[in-house]
Amino acid sequence: MQNLVVLGDARHSLTLEEEGVGAVSAVVVDQAHDLAFVLTEGGQVARVRTGGPDAPERGAPSGLAVGVPAWGVLPKTSEPWRFGFLLTTQDRLLFVASSGLIVTASPEWGARPTGASGLPEVECEVIGEVGDGISGAAVSADGQLLLLATGAGTLLALTTSSWSVLAEVPSPARPAAGSPVHLSWRPDGAFAASLAAESGS
């Protein structure tokens with residue numbers, strides 16, 4: 001195994017609205033557009049330039065802080081926004097809330113100036129909503145499959161091309177109420193794994 005060498009890093013200081021922002025819940029890297037998107041539990045999204053003329057130079061001091069304005073805010077939900085993914089096959093961002101709401105947005109969406117009313121809403125398409133809520137989510141390596149762990153104790157597999165349900169099976173684990181379910185796909189998409197703290201354990 002070869003040793004990893006850090007050539008340089010840049011630390012970004014995110015400028016986000018204080019009220020209802022919540023903790024950072026996901027970071028999505030879009031290499032095609034030299035962008036990264038930071039999602040908070042409150043649905044705020046910040047867009048960070050990772051490449052191009054506006055990006056910090058490679059090898060810059062590790063203490064460099066770059067102010068990053070919030071990009072926009074996702075629709076209000078009763079539960080936190082937890083998951084963010086990049087669908088490379090569609091050039092779309094995918095966001096999933098614990099309440100069960102699933103939306104997509106274009107990474108090239110341009111934020112309008114922020115007014116007195118707060119952040120602009122992200123122009124997104126609502127894919128659907130899982131009535132029992134979502135405790136886990138994972139997208140396959142090729143971006144064509146979405147696996148969800150629902151609050152009803154099932155695993156739901158969907159295609160990202162048409163959002164058709166391919167299968168719904170009972171989850172092998174019985175997670176404690178409110179506990180997250182960690183999901184992961186095998187690189188070829190043939191199998192998926194789930195991990196959760198079971199109720200009573």
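Our structure is the block above this text.
### Description of the sheet that holds strand S8 (residues 101-105)
Logical step 1: Taking strand neighbours across the sheet as the criterion, the 4 strands line up as S6-S7-S8-S9 in an open arrangement whose pairing is antiparallel. Across the chains shown, the open sheet's two edge strands, defined by having one partner strand only, are strand S6 (81-87) and strand S9 (124-129). Averaged over neighbouring strand pairs, the angle between their axes works out to 20 degrees when direction is ignored.
Logical step 2: One ladder, built from 5 bridges, connects S8 with S9; its direction is antiparallel. From the neighbouring strand, Val-103 faces S9, where its bridge partner is Val-126.

### A closer look at the pattern of salt bridges
Logical step 1: Scanning the entire structure with this criterion turns up 3 salt bridges.
Logical step 2: The salt bridge partner of Glu-125 is Arg-92, with a shortest N-O separation of 3.9 Å. Here the residue Glu-125 occupies a position in strand S9, and Arg-92 occupies one in strand S7 (residues 92-97), the gap between them amounting to 33 residues.
Logical step 3: Since its relative accessible area comes to 45%, Glu-125 is described here as partly exposed.
Logical step 4: For Asp-188, the salt bridge goes to Arg-186, with nearest N and O atoms at 2.6 Å.

### Observations concerning the sheet that holds strand S11 (residues 145-150)
Logical step 1: Pairing in this open sheet of 4 strands is antiparallel, and the strands run S10-S11-S12-S13 from one edge to the other. Each of the sheet's edge strands pairs with one partner strand only, and the pair in question is strand S10 (134-139) and strand S13 (165-170). If you compare each strand with its neighbour and ignore which way they point, the axes differ by 15 degrees on average.
Logical step 2: Across 5 bridges, S11 lies against strand S12 (residues 154-159) in antiparallel orientation. For Leu-146, the partnering residue across the bridge sits in S12 and is Leu-158.

Rules used throughout
- For every chain, the first residue of the written sequence is number 1, and numbering continues from 1 along that sequence.
- Where totals are concerned, whole chains, interfaces and linings use all residues; where local detail is concerned, this predicted model gives features only for residues with pLDDT of at least 70, and gives and counts side-chain atom pairs only at 80 or more.
- Side-chain metrics in this entry use all non-hydrogen atoms of the structure; hydrogen atoms and water are not considered.
- Only strands joined by at least two bridges in the DSSP assignment are considered to pair.
- The helix and strand labels rest on DSSP assignments: H or I over at least four residues marks a helix, E over at least two residues marks a strand, and numbering proceeds from the N terminus.
- Axis geometry follows a simple rule: fit a line to the C-alpha atoms, using only the stretch in contact for helices, then measure angles between N-to-C directions, giving values from 0 to 180 degrees.
- Salt bridges are defined by distance alone: a side-chain nitrogen of Lys or Arg within 4 Å of a carboxyl oxygen of Asp or Glu.
- Burial here depends on accessible area, computed with a 1.4 Å probe over protein chains only, as a share of the maximum for the residue type. Under 20% is buried, over 50% is exposed, and the range in between is partly exposed.

In short, the description is geometric, and any link to function would need to be established separately.
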